[in-house]
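Here is how the chains run, residue by residue.
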Amino acid sequence: MKELLMDAAERAGRYVACVGKRSVAPGPEEVMRLSALGGSMPEGPSDPERALALLDEFGSPATVASTGPRYFGFVIGGILPAALAANWLAAAWDQNAALSVMSPVATAVEDVALGWLRELLGLPQSCGVGFVTGATMANFTCLAAARHAVLGRAGWDVEQDGLFGAPPITVVVGDEVHVTLLKALSLLGLGRARVVRVPADDQGRMRFGALPPLDERTIVCMQAGNVNTGAFDPAGEICSRAHEAGAWVHVDGAFGLWAAAAPQRAHLTAGFGNADSWATDCHKWLNVPYDSGVAVVRQAEHLRSAMALSAAYLQTGGIREPSHYTPEVSRRARGIELWAALRSLGREGLKEMIERNCRLARSFAECLQGAGFEVLNEVVLNQVLVSFGSAEETRRVIDDLQREGTCWCGGTQWHGRTAMRISVSNWATTEVDVEHSLAAILRIAKLGKPSTS
Ligand SMILES: Cc1ncc(COP(=O)(O)O)c(C=O)c1O
């Protein structure tokens, strides 16, 4: 076993050492060679070393180097060294984080990490918290607690009686709501299309003046960090209006909530602390391994009521039982990587990482603007939207850039315009990475620019 693990460490070490030097996207040949991992199911056992060697030989070259420093697609973080190493150790421990009796270490480490997380995000320590796979499930979990609370006020027990014949709930979202929040609503029986959509401004912020009438059976979903622009909804105004009416306010803060940990960006999160529930990701801006999200609910009993279960054989202790706060029962101990990431970064390290990513996003924007290209958003956070002219030309630049391999950026539509998205979310990205990436982007973009001479 030990030799196998040393072999895995050796191979992973080689991968990590080279990931910043190779083409970010794998070539078509590398992807074709993945068929070597197929074939019929082996009849008999074989050496685990052989399985590992095959994975490395054919799998490693076909990875997307999204953990490397020049991947700017979607909103994807890399892995902090401490988080990766902790993940390996935790995999060897193979703990089930469902109940404290199954894993005192998972429960204790998770409790510490969640305490730090609440403090960093400026949320009360009394909040109920659950570890889930990502922001989609964190939104789901928080909205299940919201559904419990607003229907409970109407005397309806949704966990027991479901939604058949339940009093209606109004769900309010901004027009630029993230699509995964709508998915979470659909999983909860609240419907994707049944929401009231509030018009958004040019940055994707909810127009607070356009909020519909709210009441105590309303759930208002705000956003901290729009996936395209990085913009934040006007939380202070929305929260006070919603709370006057007795409504529940939920925050989708998949990456944006982390701005609270960086003093120069913290003003963006002002007012978000007044909400009733918050969803965030750790695998994005905190740079821990996939998958890792957190659901936080101000009144822990609402989360517990929506999620807790009991059975005679499920022995529970006097302390917080992790699975009483999550949709899953058995699950891996994600809190261990969160603990390792925060323990190794400290407040200063986290602040530096977030500030640096935002600064580098601004460098991208300024340089591209300086070269005559249009930046479509106010670069307040780590997201940049750039147009290279027509929709066809912007798509050409994105395609050529992805093929060229220095860096990787995806595309989007923003208010009728085709744009390239640059999301700077990786702990390892430096000024030099941005210089190399800009050189590649400009070289490719200028091929399509009519010469002025
Ligand atoms: C604002 C927002 N909410 C939710 C999500 C979904 O996150 P996940 O893919 O971790 O479930 C994202 C992903 O980019 C996001 O940006």
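Notes on the structure in this doc start here. (Residues numbered from 1 in each chain as written. Predicted model: local features only at pLDDT ≥ 70, side-chain atom pairs only at ≥ 80, totals over all residues. Heavy atoms only, no water.)

What follows concerns the overall build of the chain. In terms of regular secondary structure, the chain is built from 13 helices and 11 strands. Relative to its length of 453 residues, the chain is compact, with a C-alpha radius of gyration of 23 Å against a globular reference of 22 Å. Across the 453 residues that make up the chain, the buried fraction comes to 52%. A sequence separation of at least 24 residues applies to 75% of the contacts in the chain between residues at least 6 apart. Per element, the accessible surface of the chain, about 19,700 Å² overall, is 57% carbon and sulfur. (Helix = DSSP H or I, 4+ residues; strand = E, 2+ residues; numbered from the N terminus. Rg over C-alpha atoms; globule rule 2.2 N^0.38 Å. Buried < 20%, exposed > 50% of the residue type's maximum accessible area, 1.4 Å probe, protein only. Contact = heavy atoms within 4.5 Å. Areas by Shrake-Rupley, 256 points an atom, 1.4 Å probe, with all protein chains shown as cover.)

This paragraph deals with the pairing of strand 7 (residues 293–297). Most of strand 7 sits out of view: 5 of its 5 residues are buried. Because side chains alternate across strand 7, one face comprises the buried residues Gly293, Ala295 and Val297, and the other comprises Val294 and Val296, equally buried. As defined by bridge partners, strand 6 (residues 277–281) adjoins strand 7 across 5 bridges and the pair is classed as antiparallel. Considered in strand 7, the bridge of Ser277 is made with Val297. (Pairing = 2+ DSSP bridges.)

Our next topic: the packing of aromatic side chains. Counted under the stated rule, the structure contains 6 aromatic pairs. Seen from their ring centres, Phe72 and Phe364 are 5.1 Å apart, and the 75° between their planes marks the pair as edge-to-face. Of this pair, Phe72 sits in the loop between helix 3 (48–59) and helix 4 (81–93) while Phe364 sits in helix 11 (residues 335–370), and the two are 292 residues apart along the sequence. In this pair, the class of Phe72 matches that of Phe364, namely buried. Through pairs of rings, three or more aromatic residues link up here, namely Tyr71, Phe74 and Trp408. (Phe/Tyr/Trp six-rings, centres within 6.5 Å; stacked < 30°, edge-to-face > 60°.)

What follows concerns helix 12 (residues 391–404). An α-helical turn contains 3.6 residues, so any two residues separated by three or four positions project in the same direction. Its 14 residues place the ends of helix 12 20 Å apart at the C-alpha level, agreeing with the 20 Å of an ideal helix rising 1.5 Å per residue. Here helix 12 has its buried residues at Glu393, Thr394, Val397, Ile398 and Leu401. One face of helix 12 carries all of its buried residues, which in axial projection span an arc of 140°. Exposed residues pointing more than 90 degrees away from the buried face of helix 12 are listed as Glu392 and Arg403. Where helix 12 is buried, its residues touch strand 9 (383–387), strand 10 (410–414), strand 11 (417–423) and helix 13 (431–447). One or two positions beyond helix 12, positive phi appears at Gly405, with a value near 95°. (Expected span 1.5 Å × (residues − 1). Arc of directions from axis to C-beta.)

Another aspect to go through is the sheet that holds strand 3 (residues 196–198). In sheet architecture, strand pairing relies on hydrogen bonds along the backbone and comes in two forms, parallel and antiparallel. Strand order in the open sheet made by the 7 strands is 1-7-6-5-4-2-3, with mixed pairing throughout. Strands with a single pairing partner mark the edges of an open sheet, and in this sheet they are strand 1 (128–132) and strand 3. Each strand of the sheet is rotated relative to its neighbour by a mean of 20°, with strand direction disregarded. In the sheet, strand 1 pairs with strand 7 via 5 bridges, with the strands oriented antiparallel. (Axes fitted to C-alpha atoms, helices over the stretch in contact; angles between N-to-C directions.)

The next thing to look at is the nonpolar core. Residues Met222, Trp258, Leu286, Leu338 and Leu350 are the most contacted members of the largest nonpolar core, which totals 55 residues. When contributions to this core are tallied by element, the ones reaching two or more residues are helix 5 (104–120), strand 1, strand 4 (218–223), helix 9 (235–244), strand 5 (248–252), strand 7 and helix 11. For this core, the element with the highest residue contribution is helix 11, accounting for 8 residues. The contact partners of Met222, leaving out residues within four places of it in the chain, are Met206, Asp233, Ala235, Ile238, Cys239, Val249, His250, Val251, Asp252, Phe272 and Ala275. The next biggest cluster of nonpolar side chains, apart from the first, holds 35 residues, and it includes Leu188, Val195, Trp248 and Met307. (Core = buried A, V, L, I, M, F, W, Y, C linked by side-chain atoms within 4.5 Å.)

By the element assignment, Thr141 lies in helix 6 (residues 135–153). Note on Thr141: relative accessible area 0%, which makes it buried. What Thr141 contacts, discounting residues up to four positions off in sequence, is Val132, Ala295, Leu303, Met307, Tyr325 and Pro327.

Near the ligand lie 13 residues; those nearest to it are Thr136, Asp252, Asp281, His283 and Lys284. In the environment of the ligand, an oxygen atom lies 2.7 Å from a nitrogen or oxygen atom belonging to the side chain of Asp281. Expressed as a share of its isolated accessible area of 390 Å², the protein-covered part of the ligand is 84%. Across the shell around the ligand, the residue classes tally to 4 nonpolar, 6 polar and 3 charged. (Near = heavy atom within 4 Å. Polar contact = N/O pair within 3.5 Å; in protein donor to acceptor, adjacent residues only side chain to side chain. Nonpolar A, V, L, I, M, F, W, Y, C, P; charged D, E, K, R; others polar.)

Moving on to a nonpolar patch on the surface. Taken together, Val31, Leu34, Leu37 and Leu55 make up a surface patch of nonpolar side chains, about 320 Å² in accessible area. Tracing the chain through its elements places Leu34 in the loop between helix 2 (28–32) and helix 3. (Patch = residues over 30% accessible without salt bridge, like charges linked within 9 Å, V, L, I, M, F, W, Y side chains within 5 Å. Salt bridge = Lys/Arg side-chain N within 4 Å of Asp/Glu carboxyl O.)

Right, let's talk about the state of the cysteines for a bit. With the rule as written, the count across this model stands at 0 disulfides. Summary of cysteine pairing: Cys239 is not part of a disulfide, and the nearest cysteine sulfur, belonging to Cys221, is at 12 Å. Free of any disulfide, Cys282 has its nearest neighbouring cysteine sulfur in Cys142, separated by 13 Å. (Disulfide = S-S within 2.5 Å.)

In this section: the pattern of salt bridges. Under the criterion given, the structure shown has 26 salt bridges. Of the charged contacts, one joins Glu110 and Arg331 as a salt bridge, the two residues approaching to 2.9 Å between their closest N and O atoms. In this pair, Glu110 is assigned in helix 5 and Arg331 in the loop between helix 10 (300–307) and helix 11, connecting sequence segments 221 residues apart. The residues Glu110 and Arg331 share a single accessibility class, namely buried.

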